[in-house]
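What follows is the residue order along each chain.
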Amino acid sequence: MPPNNFTNKANAKTEVKTLKKILLILFIMLLTGCSKTKAKDIPLKDVMEEIKVVSEFTGGQTIDLTNQKSAAQYGIDSTSISEGYVYYSTDAEKADEIIIVRAADKKQLENVEKALSTELASKTAAWKNNEKESEKIKNHIMRTIGDCVLLAIGDKASEIDMVFNQLKEE
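Residues numbered from 1 in each chain as written. Predicted model: local features only at pLDDT ≥ 70, side-chain atom pairs only at ≥ 80, totals over all residues. Heavy atoms only, no water.

## A closer look at the pattern of salt bridges
Step number 1: Applying the stated criterion across every chain yields a total of eleven salt bridges.
Step number 2: Across the pair Glu-56 and Lys-156 runs a salt bridge whose closest N-O atoms are separated by 2.9 Å. Highlighted residues: Glu-56 in the loop between helix H2 (44–55) and strand E1 (60–64) and Lys-156 in the loop between strand E5 (148–153) and helix H6 (157–164), separated in sequence by 100 residues.
Step number 3: When its relative accessible area of 55% is taken as the criterion, Glu-56 is described as exposed.
Step number 4: Under the relative-accessibility criterion, Lys-156 is labelled partly exposed at 27%.
Step number 5: With its nearest N and O atoms 3.4 Å apart, the salt bridge here joins Asp-147 to Arg-102. Within this pair, whereas Asp-147 is found in the loop between strand E4 (141–145) and E5, its partner Arg-102 is found in strand E3 (residues 97–103), the two being separated by 45 residues in sequence.
Step number 6: Note on Arg-102: relative accessible area 8%, which makes it buried.
Step number 7: Each of Asp-96, Glu-133, Lys-136 and Asp-155 takes part in salt bridges that share partners, so that together they form one network. (Salt bridge = Lys/Arg side-chain N within 4 Å of Asp/Glu carboxyl O. Helix = DSSP H or I, 4+ residues; strand = E, 2+ residues; numbered from the N terminus. Buried < 20%, exposed > 50% of the residue type's maximum accessible area, 1.4 Å probe, protein only.)

## Regarding the environment of Ala-104
Step number 1: Summarising the element assignment, Ala-104 is placed in the loop between E3 and helix H4 (106–126).
Step number 2: A residue is classified by how much of its surface remains accessible, and Ala-104, at 41% relative accessible area, is partly exposed.
Step number 3: Along the chain, Ala-104 and Asp-147 lie 43 residues apart, while their C-alpha atoms are 7.8 Å from each other.
Step number 4: Discounting chain neighbours no more than four positions away, the residues touching Ala-104 are Thr-79, Ser-80, Ile-81 and Ser-82. (Contact = heavy atoms within 4.5 Å.)

## Concerning the sheet that holds E4
Step number 1: With respect to topology, five strands assemble into an open sheet ordered E1-E2-E3-E5-E4, the strand pairing being antiparallel. Only two strands of the sheet have a single neighbouring strand rather than two, namely E1 and E4. The average undirected angle you get between the axes of adjacent strands in this sheet is 10°.
Step number 2: In terms of strand pairing, E1 meets strand E2 (residues 81–89) through five bridges, oriented antiparallel. Within E2, the residue paired with Gln-61 across the bridge is Tyr-88.
Step number 3: The sheet contacts of H4 involve E2, E3, E4 and E5, and relative to E5 the element is tilted by about 10°.
Step number 4: Of the strands in this sheet, E3, E4 and E5 are in contact with H6, which crosses E5 at around 160°. (Pairing = 2+ DSSP bridges. Axes fitted to C-alpha atoms, helices over the stretch in contact; angles between N-to-C directions.)

## Quick word on the nonpolar core
Step number 1: Ranked by size, the top nonpolar core spans 21 residues in total, and within it Leu-65, Tyr-74, Ile-76, Ile-99 and Val-101 carry the most contacts.
Step number 2: Looking at this core, the elements with two or more residues in it are E2, E3, H4 and E5.
Step number 3: With 20 residues, the next largest nonpolar core counts Phe-57, Tyr-87, Ile-100 and Ala-152 among its residues. (Core = buried A, V, L, I, M, F, W, Y, C linked by side-chain atoms within 4.5 Å.)

## Some thoughts on the environment of Ala-71
Step number 1: Within the element layout of this structure, Ala-71 appears in helix H3 (residues 68–73).
Step number 2: By relative accessible area, which is 0% here, Ala-71 ends up buried.

## Examining the confidence of the model for the chain
Step number 1: This prediction gives the chain a mean pLDDT of 85; 78% of its residues lie at or above 70.
Step number 2: In the model, residues 26–35 has pLDDT below 50 throughout and makes zero contacts with residues more than four positions away in sequence or in other chains. (pLDDT = per-residue confidence, 0-100.)

## What about the side chain of Glu-133?
Step number 1: Summarising the element assignment, Glu-133 is placed in helix H5 (residues 131–138).
Step number 2: Engagement of the side chain of Glu-133 in a polar contact is seen with the side chain of Lys-136, the distance being 3.0 Å.
Step number 3: Setting aside residues up to four positions removed in sequence, Glu-133 forms contacts with Glu-93, Lys-94, Ala-95, Asp-96 and Trp-127. (Polar contact = N/O pair within 3.5 Å; in protein donor to acceptor, adjacent residues only side chain to side chain.)

Here it is, written out as structure tokens:
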């Protein structure tokens, strides 16, 4: 006896539901796999040197965030990081700033991300009346690769992000 139309529709609905479940599981696996990205063990000092070349800041200065006094200015506890640098323009008319940090461990990563978010909010408030610099801040890049966090504010934030991307394990 040939299958009737009702049986075909019921089978199709079951197949669609099964397919949706499989896609959902794959999506969840993809997300959890991405969140466990590990950063390569490249010294951030080397990455920052490459970033300096790309960024072309006017009168750029570098701060080592392993110094407690310097780290405190950015809301970072120096014991929560194993390495970190700030590179900024000394031109008082520019909001250009790059912060790159490696958290001491996974527990400290969230604290570092919060500190950089606070720095971004502070920068946004400080430059709200300067249209050009405010736009630059709005187009910032802040992202995490493994235990490393980047905050890039500048005309070449995308290029800086590409340099930071070298930390990503393939």
